[in-house]
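Here is what each chain is made of, one letter per residue.
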Amino acid sequence: MTAEQRRNLHAFRDYVRKILDPTYILSYMTPWFRDDVVQHIQAKKNNKGPMEAASLFLQVLLELQEEGWFRGFLDALQQAGYSGLYEAIESWDFQKLEKLEEYRLLLKRLQPEFKTTINPEDILPEISGCLINQECEEIIQISSNKGLMAGAEKMVECLLRSDKENWPKTLKLALEKEESKFSELWMVEKGAENVQMKDLEDDEMKTLDVHIVYKEEPESQNLSQNSCSSEVPPTYSPLKPRNYQLELALPAQKGKNTIICAPTGCGKTFVSLLICEHHLKKFPQGRKGKVVVFAVQVPLYEQQKSVFSEHFERFGYKVSGISGETADNISVEQIVENNDIIILTPQILVNSLKDGTIPSLSIFTLMIFDECHNTNKHHPYNMIMFHYLDQKLGGSSDSLPQVIGLTASVGVGDAKNTAEATEYICKLCASLDTAVVTTVRDNLEELEEVVYKPQKFFRKVESRTTDRFKRIISQLMAETEALAKSIFEELGTVTLENLSRIQNRNFGTQKYEQWIIAVQKACMVFQMPDKEEESRICKALFLYTSHLRKYNDALIINEDARMKDALNYLKNFFKNVRAAGFDAIEQDLTQRFEEKLLELEGISMDPSNENAKLKDLCFILQEEYHLNPETRTILFVKTRALVDALKNWIEENPKLSFLKPGILTGRGRTNQTMGMTLPAQKCALDAFRTNRDSKILIATSVADEGIDIAQCNLVILYEYVGNVIKMIQTRGRGRARGSKCFLLTSNADVIEKEKLNICQEKMMNESISRLQGWNEAVFKEKECHFTVVRDAFRECFVTKLHPRPKKFGSFDKKAKIFCARKDCLHDWGIHVKYKTFEIPVIKIESFVVEDVATGAQTLYAKWKDFNFEKIPFDAAEMSTYAQDLNLQGVDGLE
């Protein structure tokens, strides 16, 4: 070793101390380290931790005089798996390791939330390549011996020392694969924005302003497959299409871009097979079609891939697919090039268009969007259609694929009347570039023989008149909030806006959960000059909010299930806290809980505190099974924790234990409310289909998000209600004749919400009927932005940077525009960049319209109310800047 190498190793020793656990390489250093030195380093790690052990190791290493020790040290690093550190020392270039520091700081900050929400055993297979083999073994051992929270804590410790440059991205992918809520906090893309679409204040930009919608089942008559059985599945035999299915397929088979809106259970996937088959067969010899089918969730993707493969491979067509779970191992370019039908989760295509793997949508001749009502905001469907509209409006001569959308409900958003509902649906049509919405009209009787609407019953029950459990837990939450606020009182002026709004939050609600998420996101970007103090504050806040979340969860369980289940949930949580790091804050919070534990135990065992909702649920189940012992039930609940609680209640209730409940939950998971893997979901569904002893399936929204479910004749919505789309899809689960649907709630507002959903469904159907009477020209006129491009107009306004600039495909909102008169400065709209054009987008309500012939002046609230001649936007003509062009409509930018 040269003197320079010794000096360099000393200079860069902090990198080694942060990364290296010397006990993992000591066995490779025996030619240079005596046994007593090895034991001393091992003892240092046991007593002080790996960083102190690394300091001692380096001290001994740099004092060695024997030949070859430096090369031996490098070889030891390589053999033990420290490839990043090995590469940095060999080249004396530590830039890659330096770039990891920001992620280490973020993970330190998020550590309290990580250990309470992550099951290390689930993500370890995905991230093991970023860790040392011994570390993986230790994580497994600690998880087994001390619990999952302790295992997660060990995983954080190991990741903080990882020298693999890809570990932040690998962790992100692992979290997304497991659909973990923590992935929302683990942001590895620089500049990632937490976009809130409600900030779109400008009227001309409301195309993306829609509600969250839920997933819809891709049905066909032959979707069921037994994924748990080793039996060979039956041979595929295509069914004869029904008349209403032929009616639904007809406009699309004529080549029109079409949204097909039809009830859950009617066989829309079978309709898509008919459309696809007709499309592929129409090409003359020497030409071939290429179809891409999108499914928004992996379970739906697998169903679609199975159905399309079975149907089309017998004709000699090649069918393949890629989902987020297989994308790393498959070439998108080759799959698209070598197959006739490609099934994709939509983000795959978004990524491929972005990186140029797929140069253009023109490679496809047909695109089928399952659950097309998702085409809004920053959903991948909308990103794909941005590319489509950019190509269409950009004057490209390349052909575009036909667009087909499938949904059980297009929704109505916030519409209060049929006119607003019609406008809402128009915007979905504009996003999918379609002027045709197809529903069953000529064959309604046949449809109604296949799809049965269950009778709907509303049952309001009373909550507990007194709830001492809630009072005690609420007191503990208030104390925890006060402790969180006290941190900032120490700092004087430094504060977090979200924490200051802590009062008047309702404990035991989803709204409170949202506040917790807001505080945690604010903590992620909170900065102070003193980084140690910053780290202390953020760690403390994550600990407090993580405990608040568990209390909030327990109150939700207590509200809808037994106190006993809520208390067991908390006892299990604090047991795991004790088994993990158990720092001073955790000790304080645990002590506060345990001081109330005896009282909580007594309350939870008091029969007078039985939940009235459970009494009513028990009555409904007993009554229905008395009337029909063959009844098959799906019980929908809000959370996974509640699924477990109600399963325990049914099994322990002698009046209901004969139901032998099964469960079906989403794949997202935390330490205490375990999600179900995809195989587990399939097995649960198969068991419910085939095991007649299992008479009830308790499910979260995953069951109305599109997984094929066997026929049932009783649907119970237990404090479970959403928007109109969710209502239609959930109701579609009760398919047997004489089926019933009960909404059971203690909240009168919930019943009113469900009644509103029924009204909105009626309003949606009326709006669709109205749209179906329009021609394509009327459709196009409904969806325009307007701009004035004459030079003289540009002198009439001034611009100011927009407080919330945003980009939507090629549409870049950059500035606000105002009247240039200093005594006016009225808001006129926004200034945008569309492709290469800088244009103002104006609000009609900001102007008085004067008829130059009569002098009559009129105010308009909406452009649609203003009848005038519009000249379609022409990119080529615009590029030559035709100054005589007065008023243009930019069609389809919504």
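Residues numbered from 1 in each chain as written. Predicted model: local features only at pLDDT ≥ 70, side-chain atom pairs only at ≥ 80, totals over all residues. Heavy atoms only, no water.

### A look at the overall build of the chain
- Summing up its helical and strand segments, the chain has 34 helices and 22 strands in all.
- The proportion of buried residues among the 894 residues of the chain is 55%.
- Pairs at least 24 apart in sequence give 73% of the contacts found in the chain among residues at least 6 apart.
- Counting every atom, the chain has about 40000 Å² of accessible surface; 49% of that belongs to carbon and sulfur. (Helix = DSSP H or I, 4+ residues; strand = E, 2+ residues; numbered from the N terminus. Buried < 20%, exposed > 50% of the residue type's maximum accessible area, 1.4 Å probe, protein only. Contact = heavy atoms within 4.5 Å. Areas by Shrake-Rupley, 256 points an atom, 1.4 Å probe, with all protein chains shown as cover.)

### Some details on helix α15 (residues 298-312)
- If you check α15, its first and last C-alpha atoms are 21 Å apart, about what 15 residues at 1.5 Å a residue would give, namely 21 Å.
- Across the 15 residues that make up α15, a large majority, 12, are buried.
- If you check which residues of α15 are buried, you get V298, P299, L300, Y301, Q303, Q304, S306, V307, F308, S309, H311 and F312. (Expected span 1.5 Å × (residues − 1).)

### Let's talk about the pattern of salt bridges
- Under the definition given, this model contains 46 salt bridges.
- Measuring nitrogen to oxygen at the nearest pair gives 3.0 Å for the salt bridge that ties D340 to K288. With a gap of 52 residues between them, D340 in the loop between α16 (332-338) and β4 (341-344) and K288 in the loop between α14 (268-281) and β2 (291-294) connect regions that are remote in the sequence.
- Its salt-bridge partner being D467, residue R464 comes within 3.7 Å of it at the nearest N-O pair. Taken individually, R464 and D467 each receive the classification buried, so the pair is uniform in this respect. (Salt bridge = Lys/Arg side-chain N within 4 Å of Asp/Glu carboxyl O.)

### Some details on unusual backbone geometry
- Positive phi outside glycine occurs at W92, with the angle close to 55°.
- Structurally, the position occupied by W92 is in the loop between α6 (83-91) and α7 (95-99).
- Relative accessible area serves as the criterion here: at 22%, W92 is assigned to the partly exposed category.
- Despite not being glycine, E719 has its phi angle at roughly 50°, a positive value.

### Some thoughts on the packing of aromatic side chains
- Inspection of the entire model under this criterion finds 25 aromatic pairs.
- Ring centres of F70 and W92 lie 6.1 Å apart, and the angle between their planes is 20°; this geometry places the pair in the stacked category. On the criterion of sequence distance, the pair formed by F70 in helix α5 (residues 69-80) and W92 in the loop between α6 and α7 is long-range, its members being 22 residues apart.
- The exposure class assigned to F70 is buried, which follows from its relative accessible area of 7%.
- Arranged with centres 6.2 Å apart and planes meeting at 50°, the rings of Y551 and F574 form a pair that is tilted. Placement of the pair is Y551 in helix α24 (residues 531-560) and F574 in helix α25 (residues 563-579), with a sequence separation of 23 residues.
- The class for F574 is buried, based on a relative accessible area of 4%.
- Linked through ring pairs, F12, Y15, W69, F70, W92 and F94 together constitute an aromatic cluster.
- Its end group placed over the ring of F283, K282 keeps NZ or CZ at 5.8 Å from the ring centre.
- For the cation-ring pair, K755 lies above F458, with the distance from its terminal atom to the ring centre recorded as 5.7 Å. (Phe/Tyr/Trp six-rings, centres within 6.5 Å; stacked < 30°, edge-to-face > 60°. Lys NZ or Arg CZ within 6 Å of the ring centre and 35° of its normal.)

### Brief notes about the sheet that holds strand β9 (residues 633-636)
- A sheet is described by the order of its strands in space; here 6 strands give the open sequence β8-β13-β12-β9-β11-β10, paired in parallel fashion. The sheet is open, and its two borders are formed by β8 (455-460) and β10 (662-664), each paired with just one other strand. Each adjacent strand pair in this sheet contributes to an overall mean axis angle of 20°, direction not counted.
- Note that strand β12 (residues 714-718) and strand β13 (residues 740-745) share 5 bridges and pair parallel. The residue of β13 that forms the bridge with Y718 is L744.
- Sitting on the sheet, helix α28 (residues 640-652) touches β9, β10, β11 (696-699) and β12, and the angle it makes with β11 is about 155°. (Pairing = 2+ DSSP bridges. Axes fitted to C-alpha atoms, helices over the stretch in contact; angles between N-to-C directions.)

### Brief notes about the packing of helix α11 (residues 148-160) against α25
- Running from N to C, α11 and α25 cross one another at 45°; their axes reach a closest spacing of 7 Å. One way to sum up the angle between α11 and α25 is to call them oblique. Taken as a pair, α11 and α25 cross one another with a handedness that is right-handed. Two secondary-structure elements touch here, α11 through L148, M149 and A150 and α25 through F573, N576, V577 and A579.
- A class-by-class count of the residues in the contact of α11 with α25 yields 6 nonpolar, 1 polar and no charged. (Parallel < 35°, antiparallel > 145°, perpendicular 65-115°, else oblique. Left-handed = near helix turned anticlockwise from the far one by under 90°. Nonpolar A, V, L, I, M, F, W, Y, C, P; charged D, E, K, R; others polar.)

### Structural notes on the packing of helix α1 (residues 3-11) against helix α4 (residues 50-63)
- At a closest axis distance of 11 Å, the pairing of α1 and α4 adopts a crossing angle of 170°. It follows from the interaxial angle that α1 and α4 lie roughly antiparallel. The segment α1 lies against α4, with R6, L9 and H10 engaging L58, L61, L62 and E63.
- Its residues placed into classes, the contact of α1 with α4 shows 4 nonpolar, 1 polar and 2 charged.

### Topic: helix α10 (residues 133-146)
- Helix length check: α10 (14 residues) gives 20 Å between terminal C-alpha atoms against 20 Å at 1.5 Å per residue, within 8%.
- What α10 keeps buried is the set E135, C136, I139 and S143. Taken down its axis, α10 places every buried residue within 105° of arc, on the same side. Within α10, the exposed residues directed more than 90 degrees away from the buried face are N133, E137, S144 and N145.
- Remark: G147 follows α10 within two positions and exhibits a positive phi of approximately 115°. (Arc of directions from axis to C-beta.)

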